[in-house]
Amino acid sequence: MATSGTTLPNAGPATGSRSFLSRLRDGDEIARLITLVFAATVVLITLLLVYELWTNSALARAKFGLHFFVTQVWDPVIDQYGALPFMYGTLVTSALALLIAVPLGIGAAIFLAELAPPRISDTLQFFIDLLAAVPSVIYGLLGVFIIVPLMRTVIFPGLNKPLGFMPFFKGPSYGVGFLTAGIVLAIMVIPYIISVSREVLLSVPRDQREAALALGSTRWESTWKVVVPFAKTGILGSVFLALARALGETMAVTMVIGNTPTISASLFSPGDSIASVIANQFTEATGDLYLQSLVALGLVLFLMTFILNGLARILIVLTTQKGSGVPT
Amino acid sequence: MSARVKWRRFVSNFMLTLTGLCALVSVSVLFLILGYLVFNGGTSINWAFLTQLPKPVGEAGGGMANAIVGSAKLLLAASLFGVPIGFLGGIYLAEFSGSAVASVVRYSADLLNGVPSIVIGIFAYSMVVLPFRHFSTFAGAFALGLMMIPITLRSTEEFLNGVPRYLREGAMALGASKWKTIASVVVPAAYRGILTAILLALARVAGETAPLLFTAFGNRFWSQGWEQPTASLPVMIFTYAVSPYEDWHRQAWAAGLVLLGLILIINILARTILSRGIAVPRS
Amino acid sequence: MKRIAVLVVGVLALGAIVWAQNGLLINGAGATFPYPIYSKWFDEYHKKYANIQFNYQSVGSGAGIKQTTEGTVDFGATDGPMNDDQLKAFQDKRGSAILHFPTVLGAAVPTYNVPGVTGALNFTPEALAGIFLGKITKWNDPAITGANKGVDLPANDIVVVHRSDGSGTTYIWTDYLSKVSDEWKSKVSKNTSVNWPVGLGGKGNEGVTGLIKQTPNSIGYVELIYAAQNNIPYGAVKNSSGNFVKADLAGVSAAAAGAAKEMPDDFRVSITNAPGKTAYPISSFTWLLIPQKFQDAGKRDAVKGFLKWMLADGQNYAEGLSYAKLPKEVVEKEKKAINSIQ
C-alpha cells in the first residue's frame, strides 16, 4: 500500500491504489515499474557482491576453514595462508586510532554542543565536515612525509626513553608502524565522532541540563554527569561508526604501516592490515589459493564492518529516540 | 564560598577549556593539512604540471595532465552510472513503495555504503575487468559509481519525503497524474537537497584510490575512450609518494593540492546550495 | 524536460569526442627492476612511431605474470622467469604458449643507509644471508666488520627492508641466497613473494629505495639504477671466486658470459653466483613475457616491431641507465625467436 503523500484526495474508502487501468493510462504504472527496477538493482548489486565474495573465496575456506582466523603464517611459497597477522594489524591500528580520537572527539563535541554559541558551533562543524571529506591518499601523503619522520625523531625517543621497559614501547622504530598508522587513522575518524556526538548531545532535552544546574551543579558537572550519560548510547554509536571507517581504510594505512605481516606487542613495530595487504598483493596473486585467500580476507573485513555498522546504527537510533521522549 | 565549591568551579572551567582545546586541535588539523599542501605543492603547480604527460622514470619534469583528465572522465562516467540508479531508486522508495520493500532497499543501500572501498575494488575486478579481459576507465567508473549509489539513494528519498503534502495535492487536484506530479512538482522542489547529495557523493569518490588500483590500473599516456586503462590523480599521488625520486614527491604534493582543492570546492558548493534552503514558500 | 535533453545530448557528444580512437595502445605490466629503461624505451619508441603507445605499468613481476596470464594486459615483464606450473597455467588459460624475451642485464645490489658510512661496504654471502634471516642484528657484527677493516660500523640495530609486493627482484635475491645458504634455502627458499623472517616491506623497487633513504641503519636490495639515481651507497658482494665485486656493467656482463653460450631455447636461465673472477654474483637477465599467439594483428606487428628495435637501437640506451647490454649470441637467438610470434 502506498504510504507517501502522493495519493488522490478523494480516492474512495481506503487511501492508495486507483484501479490498475487508470494507473496504466496515466503512465503511473510505467513510472512505478521503472523506478522499481532501479531500486531492485541496488538490492541485486549488494546481493551479488556478497555472493561474489563468498564464492571467490571458496577454495581458501575449504582448505583452511576456521583455522584461517588463527594461523599466523602467510607464505605464498608453500601456499599457506592465515589471517591472524592482518586481523591483528587492523584491530591494533583501529584501537590506537580510537584511543586518540575518542577523547579528543568527545571533548570537541561537548564544546560544540554545550559551550559554543550556535554560530561558532556551526562554523566549526562546517570545517570539521570538510576534514571528513579529505581523501585517504592525502592523509597517506601527509603520513609519509610528516608523521613518519616525526615518529622517528620525536615521538619514538619521547616514549621509548621513559617507557621502553614496557613491551608496548620497545624499539627499534622505523618511523612506519602500528602507532604511525594509528595516529593517521585517528585524524581521519575524529570528524565522524565529533559530528555524530555533537548531534546526539544537541538532542538531549534541555530540561535534563536545567535540572542539574538547578540542583547546584557546575556546567561541567551537568554536562559530564547528566548530559553525556544521557547521550552515551549515541556517542558509543559514533565510536562504532568511526571504528568501522578505520577498519576499512586502505591507502593511508598501507603507506605508513610497514607492510610486514608481524604480530608484536610493540607499538613501533611494522605490521600490516587486511585492507593494506589486499591492495598490495591482489593484482599479483598467482595461483588460485593465493588469490582466494585474499578474497577471504576481504570477506572477513566486510563482515567486521557489517557488524559494526549495524551496531552503530542501532545505538544511534536508540539515543535519538530517547532524547525525543519516545519511551524505550 | 566553600573551598569545595571553589574547587568544583575550577574543575568546571578547566575541563571546559580543555574541550575547547580539543575542538581547536581538531579544526586546526584541517588548516594544517591545507597549509602543508599549499606550501609543498603550491610552488610545483605550473603550466607544465597541468598540461604535460609524465616523463620517463628518473627524468625531472613532466606533468599529470593525463591523470587530471582521467579523473574527470572517471567521475563523469561514475555519475552517469551511479546517480540514475540512486535517484530513480530513491524516487521509488519515496513515492511508490510499501514499507517492507522500502526497508529491504534501504538496508541494502546501507550495506553497500559500509563496504570498504578495497572490497568494492575486488568486486569490480571480478565483474568487469576479468570478463572483458582488460583494465579500463569503464571498470574504474563502475567501482566508483557503486560507491555513489547509496548516498544518492538515501538522500533522494529523504529530500523527496520532505516535500510538503500540499504541493503534491495541489498538482493532483489540477488533474496531474502521479508521475507528472513527481516530475514537475516534487522533484524540482527537492532538487537542492538532491543536488547537494550528488555533489557530496562525487566529492567522496573523487579521492578514492583503492578501487582504482585493480580497475583503471594506470596509464603513462592519454587514455582514449572508455576501454583503456587510465591514470588518475589519487593513484598518481600514491605511486609518486612512495617512490624515491624528489621530483616525483614534488609532483605528488602538487597533485594532492589539486585533488583536495577540487574536493573542498565541491563540498563548499554543495553545502552552500543546501543552506540556501529548500525553496518552498510558506503560504 | 528540454534542459535534461540538452544535458544528455551534451554528455553523449562529449563521450563521442573522447571516444575517438586514434592510434594503438598496447598495455603491459610487470617488473619494477627494469622500469627505468622500459619507460625510456617506450617513450623513445612513441617518439618514433607516434601512433603506437606502449603503456607499461610498473607493478612488480608477480603482478606482471598474473595479469598476463589473465589476459588483462597484452604483455608482461618479469625478472623471475615463470616456472613450469605458471607456463602451463598460461597455456591452459590463454590457449597458447608464453615466450620469454631477455631485454637487458641488471644487478640487484645491497644498498644501505648507515650513519657515517658513505663508501661501499663489503658483504660476504654469509653476512647477507645472516642479515636477511634475522640472525645478524647489529651493524658491528663480526660477520660484517670482518670484511670491512678500517670502516667504523656503529653498534646499531639493522633494519632490513624487503619487497611487500610480488617481485622479480626478490626472486633474483632469494635465488642467490638459496644458492649460498642452505639455511635460507630450507627456511625461506626462492620465489617472487616469500615469507620474510624480518624486515619492513616497500612497494616496488621505488618503495624499497624510498624506505632506505628515509630509514637510518637500513639495508635492502634494489636494482642498481635505483641506488645510483638516488645517490645511496651500495656494497660489493663476494663472488664464487672469492673476490669482492661491486656491481657494474663489466661485472654483470661477466656473469652472463657463460650463460650466453649455453642459453636454453626458452631463454629461462639463472646467472646468480656465476663463475668468473670478475663476475658480479647477483646479476640477472630480465624478460618481457610475450604471448606466442596474438588475436589482434595490429598489436602483434607492433610488438614484433618493438622487439626488433629493442634488440638493435634499444640496447644503446642500456648502459646510460646502468644496465648491461645483452650478449651478442643472445641477441641473435632472440631475433630468430621473434619469428615464432603469430
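Scoring rules and cut-offs
Residues numbered from 1 in each chain as written. Chains lettered and ligands numbered in written order. Predicted model: local features only at pLDDT ≥ 70, side-chain atom pairs only at ≥ 80, totals over all residues. Helix = DSSP H or I, 4+ residues; strand = E, 2+ residues; numbered from the N terminus. Rg over C-alpha atoms; globule rule 2.2 N^0.38 Å. Buried ≥ 20, exposed ≤ 12 C-beta atoms within 10 Å, placed from the backbone. Contact = placed C-beta atoms within 7 Å. Nonpolar A, V, L, I, M, F, W, Y, C, P; charged D, E, K, R; others polar. pLDDT = per-residue confidence, 0-100. Pairing = 2+ DSSP bridges. Axes fitted to C-alpha atoms, helices over the stretch in contact; angles between N-to-C directions. Parallel < 35°, antiparallel > 145°, perpendicular 65-115°, else oblique. Left-handed = near helix turned anticlockwise from the far one by under 90°. Right-handed = clockwise from strand over helix to strand, strands pointing away.

**Observations regarding the overall build of chain B**
No. 1: Across its full length, chain B holds eleven helices and zero strands.
No. 2: Going residue by residue from the N terminus, the α and β elements of chain B occur as α-α-α-α-α-α-α-α-α-α-α.
No. 3: Against the 2.2 N^0.38 benchmark of 19 Å for 283 residues, chain B shows a C-alpha radius of gyration of 24 Å, more extended than a compact globule.
No. 4: Its C-alpha atoms put chain B at 75 × 70 × 35 Å along the principal axes.
No. 5: When the 283 residues of chain B are sorted by exposure, 57% land in the buried category.
No. 6: For chain B, restricting intrachain contacts to residue pairs at least 6 apart in sequence, the fraction spanning at least 24 positions comes to 75%.

**Observations regarding the interface of chain C and chain B**
No. 1: Contacts between chain C and chain B engage 27 residues on the former and 23 residues on the latter.
No. 2: Within the residue set of the side of chain C that touches chain B, elements represented by two or more residues are α1 (2–19), β1 (24–30), α2 (35–48), β2 (52–58), α9 (204–214) and α10 (224–229) of chain C.
No. 3: A breakdown of the residues in the side of chain C that touches chain B according to their chemical character gives seven nonpolar, 14 polar and six charged.

**A word on the confidence of the model for chain C**
No. 1: The pLDDT averaged across chain C works out to 89; a share of 94% of its residues lies at or above 70.
No. 2: Across the interface, the model reports ipTM at 0.84; the global pTM reads 0.85.

**Describing the sheet that holds strand β5 (residues 122–123) of chain C**
All names here are of chain C.
No. 1: Across the sheet, which stays open at both edges, the three strands sit in the order β5-β9-β10 with mixed pairing between neighbours. The sheet is open, and its two edges are formed by β5 and β10 (244–246), each paired on a single side.
No. 2: As judged from the two bridges shared by β5 and strand β9 (residues 236–238), these two strands associate in the parallel manner. Residue pairing for β9: Phe123 is matched across the bridge by Val237.

**Comments concerning the interface of chain A and chain B**
No. 1: Contacts between the two partners involve 74 residues from chain A, matched on the other side by 77 residues from chain B.
No. 2: The element best represented in the side of chain A that touches chain B is helix α2 (residues 28–55) of chain A, accounting for 15 residues.
No. 3: Class assignment of the residues belonging to the side of chain A that touches chain B gives a composition of 49 nonpolar, 19 polar and six charged.

**Some words on the packing of helix α5 (residues 118–133) of chain A against helix α1 (residues 3–41) of chain B**
No. 1: The N-to-C vectors of α5 of chain A and α1 of chain B enclose an angle of 50°; their axes lie 9 Å apart at closest approach. Judged by the angle between their axes, α5 of chain A and α1 of chain B are oblique. Between α5 of chain A and α1 of chain B lies a crossing whose hand is left-handed. Contacts between α5 of chain A and α1 of chain B pair Leu124, Phe127, Ile128, Leu130 and Leu131 of chain A from the former with Ala23, Ser26, Val27, Val29 and Leu30 of chain B from the latter.
No. 2: Grouping the amino acids of the contact of α5 of chain A with α1 of chain B by side-chain chemistry returns nine nonpolar, one polar and no charged.

**Here's the deal with unusual backbone geometry**
What is expected of a backbone is that most residues other than glycine have negative phi and most peptide bonds are trans.
No. 1: One non-glycine residue, Arg133 of chain B, lies in positive phi territory at about 60°.
No. 2: Mapped onto the elements of the fold, Arg133 of chain B is located in the loop between α5 (117–132) and α6 (137–161).
No. 3: Accessibility expressed as a C-beta count within 10 Å gives 13 for Arg133 of chain B, which makes it partly exposed.
No. 4: In the Ramachandran plot, Ser322 of chain C falls in the positive-phi region, its phi being about 70° despite a non-glycine side chain.
No. 5: Along the chain, Ser322 of chain C falls in the loop between α12 (297–311) and α13 (328–338).
No. 6: Looking at Ser322 of chain C, the number of C-beta atoms within 10 Å reads 22, which means it is buried.

**Remarks on the pairing of β1 of chain C**
All names here are of chain C.
No. 1: Among the seven residues in β1, six count as buried, and that is most of the element.
No. 2: This β-α-β element, β1 to α2 to β2, shows right-handed connectivity.
No. 3: Here β1 pairs with strand β3 (residues 75–78) via three bridges, running parallel. Within β3, the position partnered with Gly28 by the bridge is Phe75.

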